[in-house]
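Fold and geometry: a report
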Amino acid sequence: MVTVADQPVDKKSNYKKLGARHKARRRAVDLLFEAEARDIDPAELTAERVTLALRDDAVAPVNPYTRVLVEGVADDLDRVDATIESYLQDWTLSRLPAVDRAILRVAVWELFHANDVPPVVAVDEAVELAKELSTDDSPSFINGVLGRVVEVAPQVRAAAAATRASAPADPSDEA
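Residues numbered from 1 in each chain as written. Predicted model: local features only at pLDDT ≥ 70, side-chain atom pairs only at ≥ 80, totals over all residues. Heavy atoms only, no water.

Here the focus is the packing of aromatic side chains. For the structure shown, the criterion picks out one aromatic pair. For Arg 21, the ring lying beneath its charged end belongs to Tyr 65, and the centroid distance is 3.8 Å. The ring of Trp 91 carries the charged tip of Arg 95 above its face, separated from the ring centre by 4.2 Å. (Phe/Tyr/Trp six-rings, centres within 6.5 Å; stacked < 30°, edge-to-face > 60°. Lys NZ or Arg CZ within 6 Å of the ring centre and 35° of its normal.)

This is how it looks when you write it as structure tokens:
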């Protein structure tokens, strides 16, 4: 037990909720949710929030990892959505609650592209976000979908790495 200003703090139980990456994921889910509701590009919305935070101290700054997540999901949305859709049983992506779509999109993108995030962490974080933001049934639903996606994630990461390795060099890099 650690004390801060003479107040006991259970560091272990507060870690997940207070971690910078957890907050970044939650903000990414919020931005993806808002962008879908407003039918605007999530990367543009995030860029607007970054600019707004620089001009207005009342607006929270956007964590760099939030930007990575939102821009990554936006860039790879078709493949991320196709992957999610292929693992839904008796559901379609459009029938899911919008917040569940956003949570699944962040988690699937992390499973496929965030090499520094262990798969178990990506799944656990998605389940925690569902507990915080969605319905009572959402955490187990999201866990089930991601449990199946985890099985293919290593192959997707390996294929992406092979594609990057075999891609021709960008001629503009040679200057």
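The next thing to look at is the nonpolar core. Formed by 40 residues in total, the largest nonpolar core has its most connected members in Ile 103 and Leu 146. For this core, the secondary-structure elements that each account for two or more residues are helix H2 (20–38), helix H4 (64–75), helix H5 (77–86), helix H6 (98–113), helix H7 (119–133) and helix H8 (138–166). For this core, the element with the highest residue contribution is H6, accounting for ten residues. Not counting residues within four places of it along the chain, the set of residues in contact with Ile 103 comprises Val 29, Ala 126, Leu 129, Ala 130 and Ile 142. (Core = buried A, V, L, I, M, F, W, Y, C linked by side-chain atoms within 4.5 Å. Buried < 20%, exposed > 50% of the residue type's maximum accessible area, 1.4 Å probe, protein only. Helix = DSSP H or I, 4+ residues; strand = E, 2+ residues; numbered from the N terminus. Contact = heavy atoms within 4.5 Å.)

Contact geometry for H4 and H6: axes closest at 9 Å, N-to-C directions at 95°. Classed by the angle they form, the pair H4 and H6 counts as roughly perpendicular. Across from Tyr 65, Val 68, Leu 69, Gly 72 and Val 73 in H4, the residues of H6 making contact are Arg 105, Val 106, Trp 109 and Glu 110. Of the residues assigned to the contact of H4 with H6, the class counts are six nonpolar, one polar and two charged. (Axes fitted to C-alpha atoms, helices over the stretch in contact; angles between N-to-C directions. Parallel < 35°, antiparallel > 145°, perpendicular 65-115°, else oblique. Nonpolar A, V, L, I, M, F, W, Y, C, P; charged D, E, K, R; others polar.)

The next point concerns H7. Between its terminal C-alpha atoms H7 stretches 21 Å, which fits the 21 Å expected from 15 residues at 1.5 Å a residue. By the burial criterion, the buried members of H7 are Ala 122, Val 123, Glu 125, Ala 126, Val 127, Glu 128, Leu 129 and Ala 130. (Expected span 1.5 Å × (residues − 1).)

Taken together, Asp 41, Glu 44, Glu 48 and Asp 75 make up a surface patch of like negative charges. Here Glu 48 shows up in helix H3 (residues 42–55). (Patch = residues over 30% accessible without salt bridge, like charges linked within 9 Å, V, L, I, M, F, W, Y side chains within 5 Å. Areas by Shrake-Rupley, 256 points an atom, 1.4 Å probe, with all protein chains shown as cover. Salt bridge = Lys/Arg side-chain N within 4 Å of Asp/Glu carboxyl O. Lys, Arg positive; Asp, Glu negative; His and termini not counted. Charge placed at Lys NZ, Arg CZ, Asp CG, Glu CD.)

Attention shifts here to the packing of H5 against H6. One way to put it is that H5 packs onto H6 with a least axis distance of 10 Å and a crossing angle of 105°. Between H5 and H6, the interaxial angle falls into the category roughly perpendicular. Between H5 and H6, the contacting residues are Leu 77, Arg 79, Val 80, Asp 81, Thr 83 and Ile 84 on the first element and Leu 104, Arg 105, Val 108, Trp 109, Phe 112 and His 113 on the second. Grouping the constituent residues of the contact of H5 with H6 by class yields seven nonpolar, two polar and three charged.

So, on to the confidence of the model for the protein chain. Predicted confidence across the protein chain gives a mean pLDDT of 87, with 85% of residues reaching 70 or more. Taken as a whole, residues 1–17 scores under 50 in pLDDT and shows 18 contacts with residues more than four places along the chain or in a different chain. (pLDDT = per-residue confidence, 0-100.)

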